[in-house]
Amino acid sequence: MQTKEICPPTQFDIDMSLTGLCTKYDTLILGNSDPKTFKIYNWGCDTLRITSVTSSSGEFTVTSFPSKVSPIDSAMMTISLTPSGTGTVSTTITIVDNDPNPDTTFCLEGVVIPAPTMSVTPTSLSYTLACCDSVTLPVVISNPGGSDLKWSLNKNDSIALSFNGSNSYVQMSNSTD
């Protein structure tokens, strides 16, 4: 009887669930964080042992990674984009493991835009009315910030006015409450 080893015990085959040459994050508003999850596959015949996962940029933080991935299995890794400035940011992620092949590296990229800034003029309204009187007082809401401002004005737990940031008008509800 002859025994043939199908898979040597030290064979590894790490694979990542990546899209394209440089995986892109969604556009992010400065001051926010965007965690993205990646799947690490081990198509080899031995346990893949990951000793470190590092980022070449402080804008991207490796928040979790598996220390082991069993043969013919997968595990999740999370990398967060937490930018300190605006513009396009990128990093090279390096995975150091017990695979005899060179370390696995891949690119991540994100676009960071400035936050919106709500400015209201006047800053307060006050008017004394007699019974059954009415008055019209103008209010200007502007956005000197760098991205779309979305806001709503609620009346009796329902939206009375709203603006979604991409139109040039304000939507008024038909509510008569």
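Before reading on, note that the structure itself is shown above.
Just so you know, these numbers come straight off a predicted model, no measurement behind them. (Residues numbered from 1 in each chain as written. Predicted model: local features only at pLDDT ≥ 70, side-chain atom pairs only at ≥ 80, totals over all residues. Heavy atoms only, no water.)

Asks: Would you mind going over the nonpolar core in detail, with residue names and values included?
Replies: Counting residues in hydrophobic clusters, the biggest one holds 19 residues, and the most contacted among them are M77, I79 and L108. For this core, the secondary structure elements donating two or more residues are β4 (34–42), β5 (48–55), β8 (73–81), β9 (87–97) and β10 (104–113). Per-element accounting of this core gives the leading share, four residues, to β8. Among all residues touching L108, those that are not within four sequence positions of it are C22, T23, Y25, F38, F60, I79, V89, S90, T91 and I93. (Core = buried A, V, L, I, M, F, W, Y, C linked by side-chain atoms within 4.5 Å. Buried < 20%, exposed > 50% of the residue type's maximum accessible area, 1.4 Å probe, protein only. Helix = DSSP H or I, 4+ residues; strand = E, 2+ residues; numbered from the N terminus. Contact = heavy atoms within 4.5 Å.)

Asks: Run through the state of the cysteines, naming residues and quoting values.
Replies: What makes a disulfide is a covalent bond joining the sulfur atoms belonging to two cysteines. Going through the model one piece at a time under the given rule, you end up with one disulfide. Note on cysteine connectivity: C22 is disulfide-linked to C107, with sulfurs 2.0 Å apart. As the torsion about the S-S bond is roughly -55 degrees, the C22-C107 disulfide counts as left-handed. One end of the pair, C22, is in strand β2 (residues 22–24); the other, C107, is in strand β10, and 85 residues separate them in sequence. In this structure C107 comes out as partly exposed when scored by relative accessible area, which is 23%. The structure places no disulfide on C131, whose sulfur is separated from the nearest cysteine sulfur, that of C132, by 3.8 Å. (Disulfide = S-S within 2.5 Å.)

Asks: Lay out unusual backbone geometry with the relevant residues and their values.
Replies: Residues apart from glycine generally show negative phi values, whereas peptide bonds are mostly found in trans. That bond from T121 to P122 is cis: its omega, -5 degrees, falls within 30 degrees of zero. Even without being glycine, I72 reaches a positive phi, approximately 50 degrees. Its place among the elements puts I72 in the loop between β7 (68–69) and β8. A residue is classified by how much of its surface remains accessible, and I72, at 56% relative accessible area, is exposed. Within the chain, C132 stands out as a residue other than glycine whose phi angle is a positive 70 degrees. Mapped onto the secondary structure, C132 falls in the loop between β11 (119–121) and β12 (140–142).

Asks: Describe the packing of aromatic side chains, and please don't skip the residues or the numbers.
Replies: Applying the stated rule across the entire model yields three aromatic pairs. With a centroid separation of 5.5 Å and an interplanar angle of 65 degrees, the aromatic rings of Y25 and F60 are classed as edge-to-face. Residue Y25 is found in the loop between β2 and β3 (28–29), and its partner F60 is found in strand β6 (residues 60–64); the two are separated by 35 residues along the sequence. Of the residues examined, Y25 reaches a relative accessible area of 5% and is grouped as buried. Geometrically, the ring pair formed by Y41 and W43 is stacked, given 5.2 Å between the ring centres and 10 degrees between the ring planes. Y41 gets classed as partly exposed once you look at its relative accessible area, which sits at 21%. One cation-aromatic arrangement involves K36 over Y25; the distance from NZ or CZ to the ring centre is 5.0 Å. (Phe/Tyr/Trp six-rings, centres within 6.5 Å; stacked < 30°, edge-to-face > 60°. Lys NZ or Arg CZ within 6 Å of the ring centre and 35° of its normal.)

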